[in-house]
Amino acid sequence: MKLQVFIAALWVATVSAFAPATRNVAVSTSLRSSSLAEEVDSVGNNIAIKQLLTDVESSGLLTKVAQSGLLSKAQKAGLSLSKLEPLLALAAQNKEILVLVEAATPEVLPILPKIVEVAPAALPLLANAVAIPPSALQVAGLGAFAAAAGVVVLVPDDTVVEVAIQTLAVGALGAAGVASLAGSAILGKILK
């Protein structure tokens, strides 16, 4: 686990070298009482969440999940909802996690309808991905980091286009590496 944290920190430090410098510009926003009225209905339900749940229902997403066999394949791989309970308890004990989730909600809400739209096509892929062992995810993560380092070493940085290619490749491969290592750590803990 310590190696995964070290590699993730190394990746973040490397990627931040390619990030443009930001200016501190003070942005003032006025709070309007009408903005709250635009986000909730007369009962107090969040309109975006209500629309998302309506989209999930109308697309038949849960039926498609059942038909794909995703849950039965996950159970065969040793992943069950009862094994997720310790993670929920851990999140409940660490209030910081809940604060982060709540703070990220306004940025995440616009993405959720797209996820619901793409989810049915991704179900067969997810059903097959459940069977991947955590050790294979670790190897894939380390391979992605090695490939990112290879891109930096092998692709010259003489022009702006080459630097852009390096940045894009390191960002994509680094994200894949972090996702693989995080996924292997989470699956390793859940499947124990």
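The rules behind the values
Residues numbered from 1 in each chain as written. Predicted model: local features only at pLDDT ≥ 70, side-chain atom pairs only at ≥ 80, totals over all residues. Heavy atoms only, no water. Helix = DSSP H or I, 4+ residues; strand = E, 2+ residues; numbered from the N terminus. Buried < 20%, exposed > 50% of the residue type's maximum accessible area, 1.4 Å probe, protein only. Contact = heavy atoms within 4.5 Å. Expected span 1.5 Å × (residues − 1). Bend = angle between axes of the 7 residues up to and from the residue. Salt bridge = Lys/Arg side-chain N within 4 Å of Asp/Glu carboxyl O. Patch = residues over 30% accessible without salt bridge, like charges linked within 9 Å, V, L, I, M, F, W, Y side chains within 5 Å. Areas by Shrake-Rupley, 256 points an atom, 1.4 Å probe, with all protein chains shown as cover. Core = buried A, V, L, I, M, F, W, Y, C linked by side-chain atoms within 4.5 Å. Axes fitted to C-alpha atoms, helices over the stretch in contact; angles between N-to-C directions. Parallel < 35°, antiparallel > 145°, perpendicular 65-115°, else oblique. Left-handed = near helix turned anticlockwise from the far one by under 90°. Nonpolar A, V, L, I, M, F, W, Y, C, P; charged D, E, K, R; others polar.

Visitor: Requested: an account of the side chain of serine 180, with residues and values cited.
Guide: If you trace the backbone, serine 180 turns up in helix H10 (residues 160-191). With a relative accessible area of 14%, serine 180 lands in the buried category. For serine 180, the residues in contact, after removing those within four places along its chain, are Leu137, Ala140 and Gly141.

Visitor: Which residues make up helix H8 (residues 112-129), and what values do they have?
Guide: Between its first and last C-alpha, H8 extends only 21 Å over 18 residues, short of the 26 Å set by a 1.5 Å rise per residue. Taken as a whole, H8 carries its principal kink of about 55° at proline 120. Here H8 has its buried residues at Val116, Ala119, Leu123 and Ala127. Residues of H8 that are buried make contact with helix H3 (47-59), helix H4 (61-68) and helix H5 (70-76).

Visitor: Which residues make up the environment of alanine 147, and what are the values?
Guide: Here alanine 147 is to be found in helix H9 (residues 134-154). For alanine 147 and leucine 173, which are 26 residues apart along the polypeptide, the C-alpha to C-alpha distance reads 7.0 Å.

Visitor: Before we move on, could you go through the pattern of salt bridges and cite the residues and values that matter?
Guide: Opposite charge on two side chains makes pairing possible when the charged atoms of those side chains draw close. Taken as a whole, this structure holds one salt bridge when the rule is applied. Between lysine 114 and glutamate 117 there is a salt bridge, with its nearest N and O atoms 3.3 Å apart. Residue lysine 114 and its partner glutamate 117 are both found in helix H8; the two are separated by three residues, about one turn of the helix. Overall, the relative accessible area of 47% leaves lysine 114 in the partly exposed class. According to the relative accessible area criterion, glutamate 117 is exposed, its value standing at 56%.

Visitor: Tell me about a nonpolar patch on the surface, residues and numbers included.
Guide: Residues Leu87, Leu90 and Ile186 make up a contiguous nonpolar surface patch of about 250 Å² in total accessible area. Mapped onto the secondary structure, isoleucine 186 falls in helix H10.

Visitor: Any details on the nonpolar core? Residues and values, ideally.
Guide: Formed by Val65, Leu70, Ala74, Leu123, Ala127 and Val130, the largest nonpolar core amounts to six residues. Residue assignment for this core shows that the elements contributing at least two residues are H5 and H8. In this structure valine 130 touches Leu70, Lys73, Ala74 and Ala77, once residues within four positions along its chain are discounted. Leu52, Val56, Leu61 and Ala119 belong to the second-largest nonpolar core, a separate cluster that totals five residues.

Visitor: Help me get a handle on the environment of proline 106, residues and values and all.
Guide: Within the fold, proline 106 resides in helix H7 (residues 95-108). Residue proline 106 is classed as exposed on the basis of its relative accessible area, which comes to 52%. Taking the C-alpha atoms as reference, proline 106 lies 10.0 Å from alanine 48; in sequence the two are 58 residues apart.

Visitor: Before we move on, can you summarise the packing of helix H6 (residues 81-93) against H10 with the specific residues and values?
Guide: Across the interface, H6 lies against H10 with an axial gap of 9 Å and an inter-helix angle of 115°. The angle between H6 and H10 places the two elements in the roughly perpendicular class. Relative to H10, the crossing made by H6 is right-handed. Along its contact with H6, which presents Lys83, Leu84 and Leu87, the element H10 presents Ile186, Ile190 and Leu191. Across the contact of H6 with H10, the residue classes break down as five nonpolar, no polar and one charged.

Visitor: An account of the environment of alanine 77 is requested, with residue identities and associated values reported.
Guide: Positionally, alanine 77 belongs in the loop between H5 and H6. Expressed as a C-alpha distance, the spacing of alanine 77 and alanine 131, which sit 54 residues apart in the sequence, is 5.8 Å.

Visitor: Hey, could you go over the packing of H3 against H8 for me, with residue numbers and the actual values?
Guide: For the pair H3 and H8, the least separation of the axes is 10 Å and the interaxial angle reads 10°. Comparing their axes, H8 and H3 come out roughly parallel. On H8, the residues touching Leu52, Asp55, Val56 and Ser59 of H3 are Leu112, Pro113 and Val116. Partitioned by chemical class, the residues of the contact of H3 with H8 number five nonpolar, one polar and one charged.

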